[in-house]
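A look at the structure
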Amino acid sequence: MSAEERRESVIRAAIAEFARGGYAATSTEAIAKRVGVSQPYLFRLFPNKQAMFLAATERCLADTRKVFSDAAEGLEGEEALHAMAVAYQRLIVDDPDKLLLQMQMYAAVAAAEASGDHEFGESARAGWLQMWDEAHLALGADADETTTFLAYGMLINTLTSLGFPAGHRVWSGFYESARPIT
């Protein structure tokens, strides 16, 4: 396996481990074990744990942006909105680590900010801003639509993370395409 292929394996393992344990509780040893390499080898690919976490979160956001752009390709306005909503629901059902890592990312950045580390979140903010910009264009450059779409997405993240089942009344106000896939 090339170094680039091994790096890709580490990013995938980091997504899974950080999704479940968060930044503080995830050890680089657990990531190394999941990949099947030694811990020192990890540090040949990434300078530290923070770099692994940031690579994992960058990938998570990039994958989410790709899901949105693929779904909205050739569509406009409400059609794009519903296609992106359905695609996002499919993403978090098919790959729940993407949802969990997003939630861990928000918590880790908030904790870093609270402790005075304002650089830690730069990458996450940049990735999220890129997602906002791309969704904004797909939704006809309407700031209200973009904000509403992403606000629904954050509420979906919260309700899904809290374990509300698809038929629960908390989902009743969502447009059909934004309701959980059963």
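Scroll up to find the structure.
It should be emphasised that the depicted structure is a prediction, and the values quoted were computed from it without experimental measurement.

**Overview of empty space enclosed by the protein**
Enumeration according to the criterion identifies one cavity of 30 Å³ or more in this entry. Each pocket or cavity is described by its volume, and for the largest cavity that value is around 150 Å³. Every residue lining the largest cavity is counted, 16 residues in all, and those nearest its centre are Phe68, Tyr88, Leu150, Gly153 and Met154. If you list the elements that add at least two residues to the lining of the largest cavity, you get helix 4 (49-72), helix 5 (77-94), helix 7 (122-138) and helix 8 (143-161). Considering every element that reaches the lining of the largest cavity, the biggest residue donor is helix 8, with seven residues. Per-class residue counts for the lining of the largest cavity are 12 nonpolar, four polar and no charged.

**Notes on the nonpolar core**
Core analysis: the biggest nonpolar cluster contains 55 residues, and Met84 and Phe149 have the highest contact counts within it. Those elements giving two or more residues to this core turn out to be helix 1 (3-25), helix 2 (28-35), helix 3 (39-45), helix 4, helix 5, helix 6 (96-114), helix 7 and helix 8. With 11 residues, helix 4 is the single largest residue contributor to this core. Not counting residues within four places of it along the chain, the set of residues in contact with phenylalanine 149 comprises Phe68, Leu81, Met84, Ala85, Ala135, Leu139 and Tyr175.

**Some remarks on helix 4**
Its 24 residues place the ends of helix 4 35 Å apart at the C-alpha level, agreeing with the 34 Å of an ideal helix rising 1.5 Å per residue. Two to three positions downstream of the cap, the backbone nitrogen of glutamine 50 sits 3.2 Å from a side-chain oxygen, assigning the N-cap of helix 4 to asparagine 48. Positioned one or two residues after helix 4, glycine 74 has a phi angle of 80°, which is positive.

**Some points on the environment of serine 123**
Turning to its location among the elements, serine 123 is positioned in helix 7. For serine 123, a relative accessible area of 17% translates into the label buried. Sequence separation between serine 123 and valine 109 is 14 residues, and the spatial gap between their C-alpha atoms is 9.9 Å. If near-sequence neighbours (up to four positions away) are discounted, serine 123 is found in contact with Leu54 and Glu58. In this structure the side chain of serine 123 is engaged in a polar contact, spanning 2.4 Å, whose partner is the side chain of glutamate 58.

Reading the values: the criteria
- Residues numbered from 1 in each chain as written.
- Predicted model: local features only at pLDDT ≥ 70, side-chain atom pairs only at ≥ 80, totals over all residues.
- Heavy atoms only, no water.
- 1 Å grid on protein atoms, 1.4 Å probe; cavity = no way out; pocket = protein on both sides within 12 Å on 5 of 7 lines; lining within 4 Å.
- Points joined across faces, edges and corners; volume = space filled by probe spheres on them.
- Helix = DSSP H or I, 4+ residues; strand = E, 2+ residues; numbered from the N terminus.
- Nonpolar A, V, L, I, M, F, W, Y, C, P; charged D, E, K, R; others polar.
- Core = buried A, V, L, I, M, F, W, Y, C linked by side-chain atoms within 4.5 Å.
- Buried < 20%, exposed > 50% of the residue type's maximum accessible area, 1.4 Å probe, protein only.
- Contact = heavy atoms within 4.5 Å.
- Expected span 1.5 Å × (residues − 1).
- Polar contact = N/O pair within 3.5 Å; in protein donor to acceptor, adjacent residues only side chain to side chain.

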